[in-house]
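Summary of structural features
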Amino acid sequence: MASTATRPPEFMWYFVTHDGPYPWEPEGRRRIQLEDVRALASAMDRLPYTGALISTTGHNTWVLGAAAAAMTKKFTPLLAIRPQFISAAELANMAVSFDDLFEGRLLINVINSESPIWRQHGIWLENDERHELHAEYWDVFNRLVAGEKVTHKGRYLNIENAVANPWIEHYRPHIPLWFSGSSPGALQVVARFADAYLTFAEPVEQLREKVSTVLDLAGEHERRPRIGLRASLIIGETDADAWRKADRLLHATSRATLERKLGVITRGGNAGGTSVTQSRIFAHIPDAGLEAIRSGRVPDSARDLAADDNLWPGISLLQQGPPMALVGGYDSIAERLKEYQAAGVEIFILDALPLLEGAYEFAEHVLPKFNLVPAQA
Ligand SMILES: Cc1cc2nc3c(=O)[nH]c(=O)nc-3n(C[C@H](O)[C@H](O)[C@H](O)COP(=O)(O)O)c2cc1C
């Protein structure tokens, strides 16, 4: 691990159509149009970010990713994709086209999400079965991208003579697949297929253990995925400034949102499922804070929902995105990120709201502490 801690990590940002100071409430949300996409994409190219995660919430990931890539030179979109919503052969067609037109700038973030979302798409598979499907699907996808003609008869896929776009030269023989998930089934798929493994922020010791489990499992397949951390940031000049921002966000959030999210926490997942990842994070919200909200009272201070001086699982009661935020002054945030780096994290995927202003603030005040400096105009 020591060698990775000496190099600056890779920083990515978040790219979504729900933006604004607190986009989980209608009055805190900006409608993002094409010109806003251009502004954010250009900022990514200009600032020391390599690209951005595009999630399934908001505009379709392919449409948004292609628009942003066409507006930029270096920006690499990490597109959230669920297998089997599109056939493996068609996804491989799309991926090799994108990668050819944008010269190797495609990254795929493989999404498992939760059963109710799959059922919306007519797929009635539970978590463990979906992981078996992932294994078949991504194996077929990789072979197609590599230029193979694929016939495959498995438990979930039955494919004859598939090829991925034979009319164009494939820019690369492999398109990186990034994965997440903490359930045992997810980790088995990660071990076999992940080029990078992404996790939400957790206390650093807990994260270190997770990283070592993932690397050990992948090692059994002679693989070594890179490790990425996804977290929201609430930042300011000092810790006190940042926590005041967190207080404002908590108090700008409606009772309806808090109650809905509390229900999600009680059930253990966004879509009413049982997400291992989310349960690991919800466990860090102090009981007294949860109890206050349950009895109809919003805690005065965001710190009543904090796990420690800078980790705020309280954000899971507000936003749809990452269930853990890092709250702190520029120095504290840099220190915490360096601790994660020392625990094995090589890629940070971050956001601070609003996304454009947050991208500049983080790049101007925190990235220089990693010897990364925004390019001059
Ligand atoms: C970095 C990251 C990004 C994610 N993006 C999405 C997304 O765009 N859409 C979605 O439905 N779920 C998303 N998820 C949720 C995961 O697909 C998965 O449901 C979650 O990690 C729980 O899996 P587990 O029960 O195996 O822990 C994301 C998770 C992580 C860590």
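Our subject in this report is the structure included herewith. (Residues numbered from 1 in each chain as written. Predicted model: local features only at pLDDT ≥ 70, side-chain atom pairs only at ≥ 80, totals over all residues.)

The next thing to look at is the overall build of the protein. For the protein, the count of helices and strands is 14 helices and 14 strands. For a compact globule of 377 residues, the expected C-alpha radius of gyration is about 21 Å, and the protein comes in at 20 Å, within 12% of that figure. Here the C-alpha coordinates of the protein stretch approximately 60 × 50 × 45 Å along the principal axes. Buried residues in the protein amount to 45% of all 377 residues. Taking contacts inside the protein between residues at least 6 apart in sequence as the whole, the part at least 24 apart equals 73%. (Helix = DSSP H or I, 4+ residues; strand = E, 2+ residues; numbered from the N terminus. Rg over C-alpha atoms; globule rule 2.2 N^0.38 Å. Buried ≥ 20, exposed ≤ 12 C-beta atoms within 10 Å, placed from the backbone. Contact = placed C-beta atoms within 7 Å.)

Alternating residues of strand β6 (residues 107-110) divide into L107 and N109 and I108 and V110, and every residue in both groups is buried. Here 4 bridges tie strand β5 (residues 76-81) to β6, and the two strands are oriented parallel to one another. Within β6, the position partnered with I81 by the bridge is V110. Handedness of the crossover joining β5 and β6 through helix α4 (residues 88-101) is recorded here as right-handed. Across 2 bridges, β6 lies against strand β9 (residues 177-179) in parallel orientation. Across the sheet, residue N109 finds its bridge partner in β9, namely W178. (Pairing = 2+ DSSP bridges. Right-handed = clockwise from strand over helix to strand, strands pointing away.)

Quick look at α4 now. Over its 14 residues, α4 extends 20 Å from the first C-alpha to the last, a length consistent with the 20 Å expected when each residue adds 1.5 Å. Listed in full, the buried residues belonging to α4 are A88, L91, A92, N93, A95, V96, F98 and D99. Residues of α4 that are buried make contact with α3 (61-70), β5, β6, α6 (127-145) and β8 (158-162). At the exit of α4 stands E103, carrying a positive phi of roughly 45°. (Expected span 1.5 Å × (residues − 1).)

This part takes up the site of the ligand. The environment of the ligand is formed by 20 residues, the closest being S55, S113, S180, G181 and T277. When contributions to the shell around the ligand are tallied by element, the ones reaching two or more residues are β10 (196-200) and α11 (276-282). Looking at the shell around the ligand residue by residue, the classes come out as 7 nonpolar, 11 polar and 2 charged. (Near = placed C-beta within 6 Å. Nonpolar A, V, L, I, M, F, W, Y, C, P; charged D, E, K, R; others polar.)

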